Amino acid sequence: MTVMDDWVTAACAELGLDPAEVPVPAVLDLAKDVAHQVLRPGAPVSAYLLGVAVGRGAEPAAAAARLSALAGSWPVELDGTAPAG
């Protein structure tokens, strides 16, 4: 087991969740995409939004893919900031 596996198992036990239902690679990919293509603080917020969506019935991998695609299409100025407006 990795430290990530240990953490997910412990966090799931704390929250009464099944670790087998946690799509760790999809969440990590989403966080990476948002952090690198939108902004770093957007990564944990996006992971939270994914959790809210899944809690309301969204399929985890599909919702993560939609958010990753949104991050990939996010407009960025040459200086690395989002355009005004």
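In case you missed it, the structure is sitting above this.
**Student:** How do you make sense of the layout of surface pockets when you look at a structure like this?
**Tutor:** Empty space among the atoms becomes apparent when a probe as large as a water molecule is rolled across them. If you add up the space inside the largest pocket, you get close to 630 Å³. Along the wall of the largest pocket there are 21 residues; nearest its centre are Leu17, Val22, Pro23, Val27 and Gly51. Sorting the residues of the lining of the largest pocket by element identifies helix 1 (3-15), helix 2 (24-37) and helix 3 (42-55) as the ones contributing at least two each. It is helix 1 that provides the largest number of residues to the lining of the largest pocket, a total of six residues.

**Student:** Would you mind going over the nonpolar core with me for this structure?
**Tutor:** A general tendency of soluble globular proteins is for nonpolar side chains to be buried together. One finds Leu30, Val34, Leu50, Ala63, Ala64 and Ala71 forming the largest nonpolar core, which totals six residues. Contributing elements (two or more residues each) for this core: helix 2 and helix 4 (60-72). No other element matches the three residues that helix 4 contributes to this core. Non-local contacts of alanine 63, meaning those with residues more than four positions away in its chain, are made with Leu50 and Ala58.

**Student:** Explain the pattern of salt bridges to me, please; I cannot follow it from the model alone.
**Tutor:** Close approach of charged atoms allows side chains of opposite charge to pair. Throughout the structure, instances matching the rule amount to one salt bridge. Note that aspartate 33 and lysine 32 form a salt bridge whose closest N and O atoms lie 3.7 Å from each other. With relative accessibility at 41%, the residue lysine 32 sits in the partly exposed group.

**Student:** Just checking my understanding: could you explain the packing of helix 2 against helix 4 for this structure?
**Tutor:** How two helices pack is summed up by the angle between their axes together with the distance between the axes. Put simply, helix 2 and helix 4 touch, their axes get as near as 9 Å, and they point 15 degrees apart. Regarding the angle of helix 2 to helix 4, the classification is roughly parallel. Crossing handedness for the pair helix 2 and helix 4: left-handed. The segment helix 2 lies against helix 4, with Ala26, Asp29, Leu30, Asp33, Val34 and Gln37 engaging Ala64, Leu67, Ser68, Ala71 and Gly72. Looking at the contact of helix 2 with helix 4 residue by residue, the classes come out as six nonpolar, three polar and two charged.

Thresholds, definitions, all that
Residues numbered from 1 in each chain as written. Predicted model: local features only at pLDDT ≥ 70, side-chain atom pairs only at ≥ 80, totals over all residues. Heavy atoms only, no water. 1 Å grid on protein atoms, 1.4 Å probe; cavity = no way out; pocket = protein on both sides within 12 Å on 5 of 7 lines; lining within 4 Å. Points joined across faces, edges and corners; volume = space filled by probe spheres on them. Helix = DSSP H or I, 4+ residues; strand = E, 2+ residues; numbered from the N terminus. Core = buried A, V, L, I, M, F, W, Y, C linked by side-chain atoms within 4.5 Å. Buried < 20%, exposed > 50% of the residue type's maximum accessible area, 1.4 Å probe, protein only. Contact = heavy atoms within 4.5 Å. Salt bridge = Lys/Arg side-chain N within 4 Å of Asp/Glu carboxyl O. Axes fitted to C-alpha atoms, helices over the stretch in contact; angles between N-to-C directions. Parallel < 35°, antiparallel > 145°, perpendicular 65-115°, else oblique. Left-handed = near helix turned anticlockwise from the far one by under 90°. Nonpolar A, V, L, I, M, F, W, Y, C, P; charged D, E, K, R; others polar.

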